[in-house]
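Below are the chains, spelled out letter by letter.
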There are 4 protein chains.
Amino acid sequence: MLPGLGAVATTFIAGVLLARKGLAKPIGSLTQMGTIRLGKRTEDRFPLVRDAVPLASLDDLVFGAWDIFPDNALEVARHAEVLESRHVDAVAAELAQIKPMAGAFYPEYVRRLHGTHVKAARSKAEMVEQVREDIRGFIERQGAERAVAIWCGSTEVYIAPGDVHQSIAAFEAGLAADDPSISSSQIYAWACLKERVPFANGAPNLCVDFPAAWQLAREMGVPIAGKDFKTGQTLMKTILAPGLKARSLGLQGWFSTNILGNRDGEVLDDPNSFKTKEVSKLGVLEQILQPPRYPDLYGNIYHKVRIEYYPPRGDAKEGWDNLDIFGWLGYPMQIKVNFLCRDSILAAPIVLDLALLLDLASRASMRGTQEWLSFYFKSPMTAPELYPEHDLFIQSMKLKNTLRWMIGEELITHLGNEYYD
Amino acid sequence: MLPGLGAVATTFIAGVLLARKGLAKPIGSLTQMGTIRLGKRTEDRFPLVRDAVPLASLDDLVFGAWDIFPDNALEVARHAEVLESRHVDAVAAELAQIKPMAGAFYPEYVRRLHGTHVKAARSKAEMVEQVREDIRGFIERQGAERAVAIWCGSTEVYIAPGDVHQSIAAFEAGLAADDPSISSSQIYAWACLKERVPFANGAPNLCVDFPAAWQLAREMGVPIAGKDFKTGQTLMKTILAPGLKARSLGLQGWFSTNILGNRDGEVLDDPNSFKTKEVSKLGVLEQILQPPRYPDLYGNIYHKVRIEYYPPRGDAKEGWDNLDIFGWLGYPMQIKVNFLCRDSILAAPIVLDLALLLDLASRASMRGTQEWLSFYFKSPMTAPELYPEHDLFIQSMKLKNTLRWMIGEELITHLGNEYYD
Amino acid sequence: MLPGLGAVATTFIAGVLLARKGLAKPIGSLTQMGTIRLGKRTEDRFPLVRDAVPLASLDDLVFGAWDIFPDNALEVARHAEVLESRHVDAVAAELAQIKPMAGAFYPEYVRRLHGTHVKAARSKAEMVEQVREDIRGFIERQGAERAVAIWCGSTEVYIAPGDVHQSIAAFEAGLAADDPSISSSQIYAWACLKERVPFANGAPNLCVDFPAAWQLAREMGVPIAGKDFKTGQTLMKTILAPGLKARSLGLQGWFSTNILGNRDGEVLDDPNSFKTKEVSKLGVLEQILQPPRYPDLYGNIYHKVRIEYYPPRGDAKEGWDNLDIFGWLGYPMQIKVNFLCRDSILAAPIVLDLALLLDLASRASMRGTQEWLSFYFKSPMTAPELYPEHDLFIQSMKLKNTLRWMIGEELITHLGNEYYD
Amino acid sequence: MLPGLGAVATTFIAGVLLARKGLAKPIGSLTQMGTIRLGKRTEDRFPLVRDAVPLASLDDLVFGAWDIFPDNALEVARHAEVLESRHVDAVAAELAQIKPMAGAFYPEYVRRLHGTHVKAARSKAEMVEQVREDIRGFIERQGAERAVAIWCGSTEVYIAPGDVHQSIAAFEAGLAADDPSISSSQIYAWACLKERVPFANGAPNLCVDFPAAWQLAREMGVPIAGKDFKTGQTLMKTILAPGLKARSLGLQGWFSTNILGNRDGEVLDDPNSFKTKEVSKLGVLEQILQPPRYPDLYGNIYHKVRIEYYPPRGDAKEGWDNLDIFGWLGYPMQIKVNFLCRDSILAAPIVLDLALLLDLASRASMRGTQEWLSFYFKSPMTAPELYPEHDLFIQSMKLKNTLRWMIGEELITHLGNEYYD
């Protein structure tokens, strides 16, 4: 179930439908295309992830969504211009069947959008109830065994966690009192938790990342994850920064700019929405490079992130990064990365993986924050006493060793000294 | 002890001298600047590597070298124009004292250089003996306790391992018979092994990577490592490729070109030397991406590597990479990386780390191929039954878990599920 | 009439057909899209070029071709994958009608291609006669009033002009004697001149650029032009270099590399064909920057050009340039240009403009080398006593002032001091 | 005389001093390094500009300045870190002698700077008088024959021309009444005009570009020019855009960003100052590409310009441009330009050329706006009835034909048909 039926959601749905028919491959999905090494290198056991752990199959999925515009998934996919018409045409009938339920939408949190297909409710508490009814109704109509929800809606304006977010009771009171710190995405998250539907958040909004939500997830026995899908530029950043750090190369400055022309770009042209995104994007370097631990290498980094709305690009955004690094004796060097990427193409496989892995976690009785899914997020949620882990390679190791642990296989350390004496 | 007193060697020596005086930092050196996590995340134990394991100190180092030109280290450093004059000036007196011993040099292996400061010997066997005498003499003159050698000479023409390389006996016979498959760098390596001097090879030459050398190293109890320092473009490649693979993104083509204007560029302008380098550079992607295991993602990669001699750049070379990748449903994207780097600045800290870590390994009675030092090489040496590991992040994990294992600390798996019941 | 029915020729033909139907615009064509200022700035007279001078109309064109493979223009266009299927489909019937006449082809001049649809002739002289018959037959079949030929075939191996190229008599003797310095493209050119068909050469081959051809063109009253269409990287070079020179900025080095995967890339992978191209590409800078006149600025340029066959790109080639420049007091700066271009898309409008402008020149009784068309070529042909002009802006001025001169308008000097007392 | 003794001014002064001593070349200066063709190509007359027209010699220059900080030119040059110490050292004594006169400074026009070395005046009219006295005093002290002033100060906040700028009388009244539309730079310009000192404006401020100033310049017989030195990114834009237009290639979008870390970057971090700069930078494309005249090619351009303060770069700023262009039938292509430039190094030779050429113009009795100097400016000043000309190549032609006209040489049209009957 997808709050937000836009470019990402329809690219995800169309792709699953195409993959089922054998018309295209779900590239970028670790669960479908990736392998996991089990045992020693010389054992040569490298099954696909989907064969190693008991994931739901693509054939078992059904799709539901909410949106603040009434267009069905076919109309949205055509308008988004992410997929070529040969791809959309091949699954047009199925896409046309997917019609969004009316959105739970308070416009003050996304100022650039003016939804027309929205629910009315006397209070935010009642709004939660309406969403819960939607969930139950959808599951019943589809005859589904269980559900998972992934937030695919727009970035909301920046909200700092407040008193209302500190406990279940406070949050429930806030819902009843229409507290302005409770945004639309929090309402979806709360409704899902109440219905024991695992929930992941693909945007940088607070949404499901505050003490009351953590607590409710644990009480209801529901796994949660977030936040902000790690796609283009930040993905590159969490690949490159660990590489620099591994080699003890210093960093003096990192400038990142992004040009994009889709609805996401339009929303982020609002400084309030951009702030939420900026906080999500800026934290990455600090956590990977740990300036206090490495004052000589990373103690004085100038990090700047820009997102520029630039319509000629549509969904095919472009990132440009400049890194001012320094090596032996402080000599400066520069790295420039130009990434001609596609927003929804990079996000869609993450939606799929998160749906399947959260469902797996739920069946394995894992509940609350799933730190091992940090791999997929720009701002990973963690236990309160821990720092978030942003290094893509540590995240990957954590994810795979968690899978190994779930199926009782030996954890991998890459020591490998047994091959030498 | 450094066979090859050129830009890399003098940048390394000058840097150690400057660091000792507190005039510059040995940036890029994992042993000096890096930390190692010990225990659980919440224990907050992150000592510097040099404090966690008993490495020799920078203050204890003395430097010796061989070269085929008679210039002392000061003259070489000035000519190389890697370091600014304020840096060279500050250690000029010490550099001027470092005069290379005459080189063991057979010109057919490096055709663009015409050495004038070379040894004469009646056979390659005798040449080995002369180098052994140099080693013993140097150690005695310096009053050194022990020695380590790092090959910092030029890339030799391509030589495939032959019969002469298969056993100690065959190699010794080949030395006596002046076998043309035995190049200058192999002579240095053999002499060092005979003198129980740990040896690392910074170039892609065969040098110390063939069965006879592996066997001799084990018999003499000497650790060895190689080959080809992982610096600019290949370093980036082993950072980026694991990132793509971690996310199951496909790769259609990778084009790499390099412009550089130093002596290395001049030597590699000879197609025979370039071939040695090309083999070293091309293998990287195949080993990381494993096409046979991922036919849909990496089954059809067009990988091309070029090195172009371009004098305007001197030592400050520039790499340009273009990656044609594809994501969800096969949609193409592009990544371009422009690396304005400095060859010797990236190589110097590797020389230092290898010297200190090989010395440590030797004292810890580790002998033969040190796979855990793969981190530093474009073409890592491994046990014959294993594939080389090129992924920088696995290499880093392997190195650090080896250090943890040496000092009896718990290996790290990044599982961390103890924080979430 | 097009010797060579490949990607460029079919992109040109399809585009003209589409433009006629109003389905696409002939972007990149100066004659169709460009304007020309007439009179003073304040007169506001800026007609389209095609309205200012009496050009043939797109509606009047018919297309003929030769090729060494028998595929018709539809098959070629589909295989070339330059145009999207919606474009090819819209003119499929017309394209299918265009079937190439058998090629005059001696394989030793293009070693990577193995033609199957070729003429047999007892001598090169007879080959010329066969091509002449083709021309007459085509004109008669089509009921055309007049013809123009543009070489759109592959780059031939490098041939320096020899004795056989010095006079009409020598060349005719060489044809009879099958002189090896007379390549296939020269045969087409000679046949066209004999038939009074204006001829332009889109490749760097000698073709129509040697004394005997210049003389024959003048004797027969035929305009000729060449050589080597100025498209991607060289186009950029002739834009940037005049800009640097205008500002008296110095140049130390210029490195250019190109990755491309079409048939052109395949042919240029042969070092002999590449040499022809390299000569054409290297001369540009020297002529624009004039090192002897500017020894301090351009006396020591390191200029290197590479073309790399890289199949992932197909026709959508990519150029990467690095310029090492210097300014005030010699301080270095760098400019890097990354051009994601499309070979045939850039060449097609040049074919159109040359056809129309050569036809115009012919009707205006202009004969021999047309220097004013230098604008379109990497290696412009000039009178023997002159140097070629490579600066795109001087070329453009020359072209436009020539058009003004042809129609009796005042030449433009951009003085404009009349506006300020 | 230089209002603003910062990085640009001191780089200019130091460079002239170095060039006089033969220690460095005034690269980037058209007057010193450039040549001018006189007569026909075959006459081979290409004198240096400084030999063709009677310019003042570098040896004749003396330097004066105003600034709002009291540091002398040596202190400023050391702090700016534009020039290497070997260059500054060589002219240190002369630089130390150049001490700025106190600045005429109203802080509301440059909000990020807090000057300490400023004049006090009861009104802006009195401030003009103080500056006039400075000028007369300087000329007398130096024994100079004549003076020229070039604005090298910071960019002021955006001011639209108002009533006060429409006539000499209105402006003089405004000075007396401390009109807030009269900024510091206008005060300098007015004082210079009153003293018959030719004045050029290197920043985008109004300064000397409004009707009252035009009129006063004509009445006093003083040449003026402006505005905003055309250096890094805009220089590239006015090179590339005419190239695209010459070839009738379409443009869909142009995104430009700049990272820089000098005082200029700091000032432009204030949105009000940035607005002045943005207006100056944005107009360029529209004037070159003329959307109304080319609706199919340039009717729908998305043009965005960003300047980002990024301290790691200091004066060595970096521009990154992305152009979305389209060719034949509308097919898209991309050009990316990465310019590693140096702000003051590019500006210094412009200061020199403008000083010498304005002085020449003054002696040639040219007065008022000098459109032929457009070559040097981002926002060229023109007669009110004309549009500004931004095309670097037309600007260069205009400049050189003006010089030819001044010395009675034939204007060049590049027709050259005389070589081909």
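Residues numbered from 1 in each chain as written. Chains lettered and ligands numbered in written order. Predicted model: local features only at pLDDT ≥ 70, side-chain atom pairs only at ≥ 80, totals over all residues.

K.L.:
Is there a simple way to think about the overall build of chain A in this case?
P.N.:
Tallying secondary structure elements over chain A gives 16 helices and eleven strands in all. Its C-alpha radius of gyration of 21 Å places chain A within 12% of the 22 Å reference for a compact globule of 421 residues. Overall, the C-alpha framework of chain A stretches about 65 × 50 × 50 Å when taken along its three principal axes. Of all 421 residues assigned to chain A, the portion counted as buried reaches 62%. Taking all contacts inside chain A whose residues are at least 6 apart in sequence as the whole, residues at least 24 apart take part in 75%. (Helix = DSSP H or I, 4+ residues; strand = E, 2+ residues; numbered from the N terminus. Rg over C-alpha atoms; globule rule 2.2 N^0.38 Å. Buried ≥ 20, exposed ≤ 12 C-beta atoms within 10 Å, placed from the backbone. Contact = placed C-beta atoms within 7 Å.)

K.L.:
How do you make sense of the interface of chain B and chain A when you look at a structure like this?
P.N.:
When the parts of a complex come together, some accessible area is lost, and that lost area is often taken as the interface size. Listed per partner, the contact involves 73 residues of chain B and 73 residues of chain A. At the level of elements, helix H1 (7-20), helix H2 (30-33), helix H11 (232-246), helix H14 (295-298), strand E10 (332-340), helix H15 (343-363), strand E11 (368-369) and helix H16 (392-406) of chain B are the ones that each hand at least two residues to the side of chain B that touches chain A. No other element matches the nine residues that H16(B) contributes to the side of chain B that touches chain A. Tallied by class, residues from the side of chain B that touches chain A come to 39 nonpolar, 24 polar and ten charged. The pairing of strand E10 (residues 332-340) of chain A with E10(B) spans seven bridges and is classified as antiparallel. Bridge pairing in E10(B) places Val337(A) opposite Val337(B). (Nonpolar A, V, L, I, M, F, W, Y, C, P; charged D, E, K, R; others polar. Pairing = 2+ DSSP bridges.)

K.L.:
Just to check I follow, could you spell out the arrangement of the chains for this structure?
P.N.:
Taking C-alpha atoms only, the smallest gap left between chain A and chain C, which are not in contact, amounts to 10 Å. There is a clear gap between chain B and chain D: no contact, and 10 Å between their nearest C-alpha atoms.

K.L.:
Is there a simple way to explain the relation of the copies chain B and chain A in this structure?
P.N.:
Put simply, the two copies of the chain differ by a rotation about an axis and a shift along that axis. After a rotation of 180° and a shift along the axis of 0.0 Å, chain B superposes on chain A with an RMSD of 0.0 Å. Accordingly, the operation relating the two chain copies is best matched by a two-fold axis. Closest approach to the rotation axis within chain B is made by the C-alpha atom of Val337(B), at a distance of 2.3 Å. (Least-squares fit on C-alpha atoms with pLDDT ≥ 70 in both.)

K.L.:
Any chance you could explain helix H4 (residues 73-80) of chain A here in plain terms?
P.N.:
Each full turn of the α-helix corresponds to 3.6 residues, which orients residues three or four apart in the same direction. All names here are of chain A. Within H4, burial applies to Ala73, Leu74, Val76, Ala77 and Ala80. Projected onto a plane normal to the axis of H4, the buried residues spread over an arc of 165° and lie on a single side. Those residues of H4 hidden inside the fold are in contact with helix H1 (7-20), helix H5 (85-90) and helix H6 (92-97). Looking one or two places after H4, you find Glu81, whose phi comes out positive at around 55°. (Arc of directions from axis to C-beta.)

K.L.:
What exactly am I supposed to notice about the interface of chain D and chain A here?
P.N.:
With 18 residues of chain D at the contact, the number on the chain A side is 18 residues. Per element, the largest residue contribution to the side of chain D that touches chain A is five residues, and it comes from strand E7 (residues 250-260) of chain D. Taken together, the residues of the side of chain D that touches chain A break down into seven nonpolar, five polar and six charged.

K.L.:
What is the right way to look at the environment of Glu195(D) in this model?
P.N.:
Residues and elements named next belong to chain D. Along the polypeptide, Glu195 turns up in the loop between helix H9 (184-194) and strand E5 (199-201). Glu195 sits in the buried class, given 20 other C-beta atoms within 10 Å. In this structure, the C-alpha to C-alpha distance between Glu195 and Ser362, residues 167 residues apart in sequence, is 13 Å. Residue contacts for Glu195: discarding those within four places in its chain leaves Arg132, Ile135 and Arg136.

K.L.:
Before we go on, may I ask you to explain the sheet that holds strand E6 (residues 223-226) of chain B in this structure?
P.N.:
Strand pairing in a sheet takes place through backbone hydrogen bonds and is either antiparallel or parallel in direction. All names here are of chain B. Taken in spatial order, the four strands line up as E4-E5-E6-E11 in an open sheet, and their pairing is parallel. Bordering the open sheet on either side are strand E4 (149-151) and E11, each of which pairs with just one other strand. Both E6 and E11 contribute to a ladder of two bridges, which runs parallel. Looking at E11, one finds that Pro223 is bridged to Gly368.

K.L.:
Would you take a moment to explain the pairing of E10(A) for this structure?
P.N.:
If a strand is regular, its side chains alternate between the two faces of the sheet. All names here are of chain A. Counting buried residues along E10, eight of its nine residues qualify, which places the element largely inside the surrounding structure. Judged from the nine bridges that link them, strand E9 (residues 318-326) and E10 form a sheet pairing that is antiparallel. Bridged to Asp324 within E10 is Gln334. Hairpin connection from E9 to E10: five residues lie between these consecutive antiparallel strands, with Leu329 at a positive phi of about 65°.

K.L.:
Can you help me understand the packing of H1(B) against H15(B) in this one?
P.N.:
What describes two packed helices is the angle between their axes and the distance between those same axes. Residue and element names in this part refer to chain B. Where H1 contacts H15, the axes come no closer than 8 Å and their chain directions differ by 65°. Considering their axes alone, H1 and H15 lie roughly perpendicular with respect to each other. Like other packed secondary-structure pairs, H1 and H15 cross with a definite hand, here right-handed. Here Ala7, Val8, Thr11, Phe12, Gly15 and Val16 of H1 come into contact with H15, specifically with Ser344, Ile345, Ala347, Ala348, Val351 and Leu352. Of the residues contributing to the contact of H1 with H15, the split by class is nine nonpolar, three polar and no charged. (Axes fitted to C-alpha atoms, helices over the stretch in contact; angles between N-to-C directions. Parallel < 35°, antiparallel > 145°, perpendicular 65-115°, else oblique. Left-handed = near helix turned anticlockwise from the far one by under 90°.)

K.L.:
Would you mind going over the relation of the copies chain D and chain A with me for this structure?
P.N.:
For the pair chain D and chain A, the relating rotation is 180°, the translation along its axis is 0.0 Å, and the fit reaches an RMSD of 0.0 Å. Most of the interface of chain D is mirrored in chain A, where 100% of its interface residues are also at the interface.

K.L.:
I would appreciate a short explanation of unusual backbone geometry in the present structure.
P.N.:
Negative phi is the rule for most residues except glycine; trans is the rule for most peptide bonds. In this structure, the amide linkage connecting Gly226(C) to the following residue, Lys227(C), adopts the cis form with an omega of -5°. Despite not being glycine, Glu81(A) has its phi angle at roughly 55°, a positive value. Relative to the helices and strands, Glu81(A) resides in the loop between H4 and H5.

K.L.:
Before we go on, may I ask you to explain the packing of H1(A) against H4(A) in this structure?
P.N.:
Residue and element names in this part refer to chain A. For the pair H1 and H4, interaxial distance at closest approach is 9 Å and the crossing angle is 110°. Accordingly, the angle class assigned to the pair H1 and H4 is roughly perpendicular. Crossing angle aside, the handedness with which H1 passes H4 is left-handed. Counting all contacts with H1, which are made through Ala7, Thr10, Ile13 and Ala14, the residues of H4 involved are Ala73, Val76, Ala77 and Ala80.

K.L.:
Where do I start with the sheet that holds strand E2 (residues 65-67) of chain A in this structure?
P.N.:
Residue and element names in this part refer to chain A. What the three strands build is an open sheet, ordered E1-E2-E3; its pairing is parallel. Lying at the two open borders of the sheet, with one neighbouring strand each, are strand E1 (2-3) and strand E3 (101-102). Relative to E3, E2 is paired through two bridges, and the arrangement is parallel. Looking at the pairing, Asp67 lines up with Ala102 of E3.

K.L.:
Whenever I open this one, the domain arrangement of chain A confuses me. Can you help?
P.N.:
Residues and elements named next belong to chain A. Looking at chain A, the domain boundaries give domain 1 (2-229 + 345-406) and domain 2 (232-340). Here the C-alpha centre of domain 2 lies 25 Å away from the C-alpha centre of domain 1. Of the residues lining the interface, 26 residues belong to domain 1; the matching set on domain 2 comes to 26 residues. Looking at the side of domain 1 that touches domain 2 residue by residue, the class counts come to 13 nonpolar, six polar and seven charged. (Domains from an automatic or database assignment.)

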